[in-house]
Amino acid sequence: MMNMEKTASDRRVINEIGAVLPSLAVGDATLEQLRERLQSTFRVENQAAAVRAETLAELTRREGVHITEDNLRERGLRPRRKARSEVETAVELEELPKTSEGLRDGEIPYDNARILAKASQEGEIDESELVDKARTQSPDKFAGTVRKHQQERSEDDGMSRLEHQRSRRFAKIRTDNTDGMTVLYGRFDPITGALIETALSQKMDELWREEDPRARCSPGQRMADALAQLVTREDTGEDGKPPRGPRLLLIADYDAVSRELRNGRLGDGTPIPVQKIRDLACQSDILPAIFKGVSQPLDLGRSRRAASPAQRIALVARDKACVGCGATANWCQAHHIIPWAVQGNTDLDDMVLLCSRCHHKVHDDRWQVRRKPSGKYYLKPPLRHDQPTSARHNLSYRNRRSPFKQRK
């Protein structure tokens, strides 16, 4: 809960913002009270962000952008780039009254407000349509919602937005004076980013297979090695031919009436202009997503344990990311909902995408894969200790039937 007090000091009126802290000790709170307390921290955080945005916008109007950015860096100890971003967002939010109101009420996260503010500067958006979703979706999901909204409203299948994103591409290489290490940083349009991510994930998989299982690198070290090898590799492969591009999954709907492709998108659902598919075909291996096609069997029963390449494509097209945490599909494995060891089948409906961390949750920490009525899969955490004994007994019984310690 936030309150604002006006106090007289040196003949000035100062607005002070404070949070009313709970008096109940954490150890004495029930689980429900702890959840309510956590929720209240989010609301206060959003409200404080709204007050700061309004203040930054007014300071910008009075003192200019550069002075306001310097003020934010000095008083808030913000990095230069973050200070600039906050000031830009504050000014843009003045044109979005419904978003600003939701942020001020604590109902919209600041990250979602920032996404909306940025989108409003890139083109026309329907704030009323997006503001309700901003209240209920995480920033990762909401960013995808806004991208799809922008393309649907675009008159050129999203080409202008893609060109705008491409014009803002940026890469930097520098030496960190503190330890002499080289630092890389870059921003890319979604298609280029997907190509880079796909190439990196494939190279990381190669390196993982070559590593000594007793002395594996960390994921961050493996990615650094993969990037170094991709950047410094020769122009020809081992067979003397040019190396092939990354295998990129593209999805599009086919309109049988007009005989045209529509709704082009990457595997994670990011919309792309359909006309770019032809360009990408010259750069990468294009993997078609075929569901229940005669030439691509997706139900393999007990004939094989690991998912086939066709099943992998279908899983990415369906789940888009890890069903537990949303990690990108390139870092996920195909998980059997019913373990193979207890007669589970290698069928599409019996598999989901899980990252390594969520895979451990299922096999080691007793999380369970569940399916919503809409068909979307998700992870359900294990029952809490404060639940009825009968519920805990039922969970223990189910776990005795399934060897969670075994992989797939």
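**Student:** I'm lost on the pairing of strand β9 (residues 351-355) in this one. Help?
**Tutor:** Consecutive side chains along a regular strand alternate between the two faces of the sheet. Buried residues dominate β9, accounting for five of its five residues. Burial along β9 is two-sided: Met351, Leu353 and Cys355 and Val352 and Leu354, pointing in opposite directions, are all buried. Bridge count for strand β8 (residues 332-336) against β9 is five bridges, and the pairing is antiparallel. Bridge pairing in β9 places His336 opposite Met351.

**Student:** In this structure, what is going on with the pattern of salt bridges? I would like to understand it.
**Tutor:** Where charged atoms from two side chains of opposite charge approach closely, those side chains can pair. Inspection of every chain in the model, using the stated rule, returns 17 salt bridges. One salt bridge connects Glu32 with Arg35, and the closest N-O pair in it is separated by 3.7 Å. Separated by three residues within a single helix, Glu32 and Arg35 lie in helix α1 (residues 31-63), roughly one turn from each other. Among the residues examined, Arg35 registers a relative accessible area of 36% and is labelled partly exposed.

**Student:** Got a minute to help me understand helix α6 (residues 127-134) in this structure?
**Tutor:** Every α-helical turn comprises 3.6 residues, leaving residues that sit three or four positions apart pointing alike. Along α6, the residues that are buried comprise Glu127, Leu130, Val131 and Ala134. All buried residues of α6 fall inside an arc of 105° around its axis, so they share one side. On its buried face, α6 sits against α4 (97-104), α5 (110-122) and α7 (139-153). Its side-chain oxygen placed 3.2 Å from the backbone nitrogen of Ser128, Asp126 serves as the N-cap of α6.

**Student:** What exactly am I supposed to notice about the packing of helix α3 (residues 80-93) against α5 here?
**Tutor:** Describing two packed helices takes the angle between their axes plus the distance from one axis to the other. At a minimum axis separation of 9 Å, α3 and α5 run at an interaxial angle of 70°. Between α3 and α5, the angle falls in the class roughly perpendicular. Between α3 and α5, the residues in contact are Ser85, Glu86, Thr89, Glu92 and Leu93 and Tyr110, Ala113, Arg114, Ala117, Lys118 and Gln121, respectively. For the contact of α3 with α5, the per-class residue count stands at four nonpolar, three polar and four charged.

**Student:** Is there a simple way to explain the state of the cysteines in this structure?
**Tutor:** Two cysteines form a disulfide when their sulfur atoms are joined by a covalent bond. Overall, the coordinates contain zero disulfides when judged by the stated rule. The cysteine Cys332 is free of any disulfide, with Cys322 supplying the nearest cysteine sulfur at 4.8 Å. Note on Cys355: no disulfide assigned, nearest cysteine sulfur contributed by Cys325 at a separation of 3.6 Å. What makes Cys355 buried here is its relative accessible area of 7%.

**Student:** In this structure, what is going on with the confidence of the model for the protein? I would like to understand it.
**Tutor:** Keep in mind that low pLDDT regions are not for reading the predicted coordinates in detail. Per-residue confidence for the protein averages 79 on the pLDDT scale, and 79% of its residues sit at or above 70. Looking over the protein, one finds the lowest element-wise mean pLDDT in helix α14 (residues 389-401), namely 39, and the highest in α4, namely 95. Counting contacts from residues 4-13, a segment whose pLDDT is below 50, to residues more than four positions away or on other chains yields 14 contacts. Within the model, pLDDT remains below 50 along residues 290-295, and this stretch shows six contacts once partners closer than five positions in the same chain are excluded.

**Student:** What's the story with the side chain of Thr346 in this structure? I'm lost.
**Tutor:** You can see Thr346 is positioned in the loop between β8 and β9. The exposure class of Thr346 is buried, given its relative accessible area of 0%. Among the polar contacts made by the side chain of Thr346, one reaches the side chain of His336 at a distance of 3.1 Å.

Definitions and limits used
- Residues numbered from 1 in each chain as written.
- Predicted model: local features only at pLDDT ≥ 70, side-chain atom pairs only at ≥ 80, totals over all residues.
- Heavy atoms only, no water.
- Buried < 20%, exposed > 50% of the residue type's maximum accessible area, 1.4 Å probe, protein only.
- Helix = DSSP H or I, 4+ residues; strand = E, 2+ residues; numbered from the N terminus.
- Pairing = 2+ DSSP bridges.
- Salt bridge = Lys/Arg side-chain N within 4 Å of Asp/Glu carboxyl O.
- Arc of directions from axis to C-beta.
- Contact = heavy atoms within 4.5 Å.
- Polar contact = N/O pair within 3.5 Å; in protein donor to acceptor, adjacent residues only side chain to side chain.
- Axes fitted to C-alpha atoms, helices over the stretch in contact; angles between N-to-C directions.
- Parallel < 35°, antiparallel > 145°, perpendicular 65-115°, else oblique.
- Nonpolar A, V, L, I, M, F, W, Y, C, P; charged D, E, K, R; others polar.
- Disulfide = S-S within 2.5 Å.
- pLDDT = per-residue confidence, 0-100.

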